[in-house]
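Commentary on secondary and tertiary structure
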Amino acid sequence: MWDEYLPDELDARTRYQLLTSLVVPRPIGWLGTRSRERGDNLAPFSYFAAVSASPMLVSVSIGHRVDRPKDSLANIRETGVFTVNVVDVEHLDAMNTTSARAPHGVDEFELAGLEKAEATRIDAPYVADAPAMFECRLEREVDLGDAPNTLVLGRVVGVRVRATLGRLPGTEFVDTEELRPVGRLWGPAYMMPGDIVTRERPD
Ligand SMILES: Cc1cc2nc3c(=O)[nH]c(=O)nc-3n(C[C@H](O)[C@H](O)[C@H](O)COP(=O)(O)O)c2cc1C
């Protein structure tokens, strides 16, 4: 027995509820951006994914407000760059604070009491004590038609990992138990780090 849904016949809220409770857990891209007029900005996005390692690309889908794009997208369009900060357990509440619909010109780093640092390869801010961070240049913007979202592809031009974070022996795989990433579920729900199991791939 199945409950079946046809996306074109659903209202936007139901589509959102189905998609975001079934595509789980989602990593959170915590975007640091800058505007000459509006200052610095920090906001979380869980329509976020790793797209390709060579070239190294990430994607983030950013919504629009009724009359204008969200500040993160406006800033990426203005500067062509952004940082993606990894959200760990310690930063869950600060990350949530930065999702507030803050007025133009409010610096969410200050709002959440976060220390800000300057990326070295691009002109953008990042969360100084995030466990890891990607420096990205806008590779391409993809118009999603009627959707109130714009897909941003970012080319990673620098990766910063906290030096004390362990790597799996003989590799640069960052130890997930030490990274302690948070995953987004639906609405206000998150998934905390849990058991890790491994399965060798068949030949
Ligand atoms: C965990 C989390 C994930 C979010 N993911 C998205 C997302 O993928 N796309 C989006 O448009 N908004 C998302 N939001 C909402 C934005 O963070 C929020 O609209 C924020 O105010 C945007 O900030 P800005 O206008 O400064 O860019 C998310 C919020 C939270 C708390």
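Now for a look at the structure at hand. Note that this is a predicted model, so its numbers are computed, not measured.

This part takes up the pairing of strand 3 (residues 48-52). As defined by bridge partners, strand 3 adjoins strand 4 (residues 57-63) across four bridges and the pair is classed as antiparallel. Bridge pairing in strand 4 links Ala 50 to Val 58. Where strand 3 hands over to strand 4, the hairpin turn is made up of four residues, counted between the paired strands.

Quick look at the site of the ligand now. Taken together, 19 residues sit near the ligand, with Pro 44, Tyr 47, Gly 63, Lys 70 and Ser 72 positioned nearest. Relative to its free-state accessible area of 640 Å², the ligand is covered by the protein chains to the extent of 89%. Only strand 2 (39-45), strand 4 and helix 2 (71-79) provide two or more residues apiece to the shell around the ligand. No other element matches strand 2, which puts four residues into the shell around the ligand. Residue composition of the shell around the ligand, grouped by class: eight nonpolar, six polar and five charged.

Residue placement: Glu 37 occurs in the loop between strand 1 (29-35) and strand 2. Taking the relative accessible area as the measure of exposure, Glu 37 reaches 77% and is therefore exposed. Considered as a pair, Glu 37 and His 104 are 67 residues apart in the sequence and their alpha carbons are 9.3 Å apart.

Quick notes on the rules
Residues numbered from 1 in each chain as written. Predicted model: local features only at pLDDT ≥ 70, side-chain atom pairs only at ≥ 80, totals over all residues. Heavy atoms only, no water. Pairing = 2+ DSSP bridges. Helix = DSSP H or I, 4+ residues; strand = E, 2+ residues; numbered from the N terminus. Near = heavy atom within 4 Å. Areas by Shrake-Rupley, 256 points an atom, 1.4 Å probe, with all protein chains shown as cover. Nonpolar A, V, L, I, M, F, W, Y, C, P; charged D, E, K, R; others polar. Buried < 20%, exposed > 50% of the residue type's maximum accessible area, 1.4 Å probe, protein only.

Shape descriptors only; they carry no functional weight alone.
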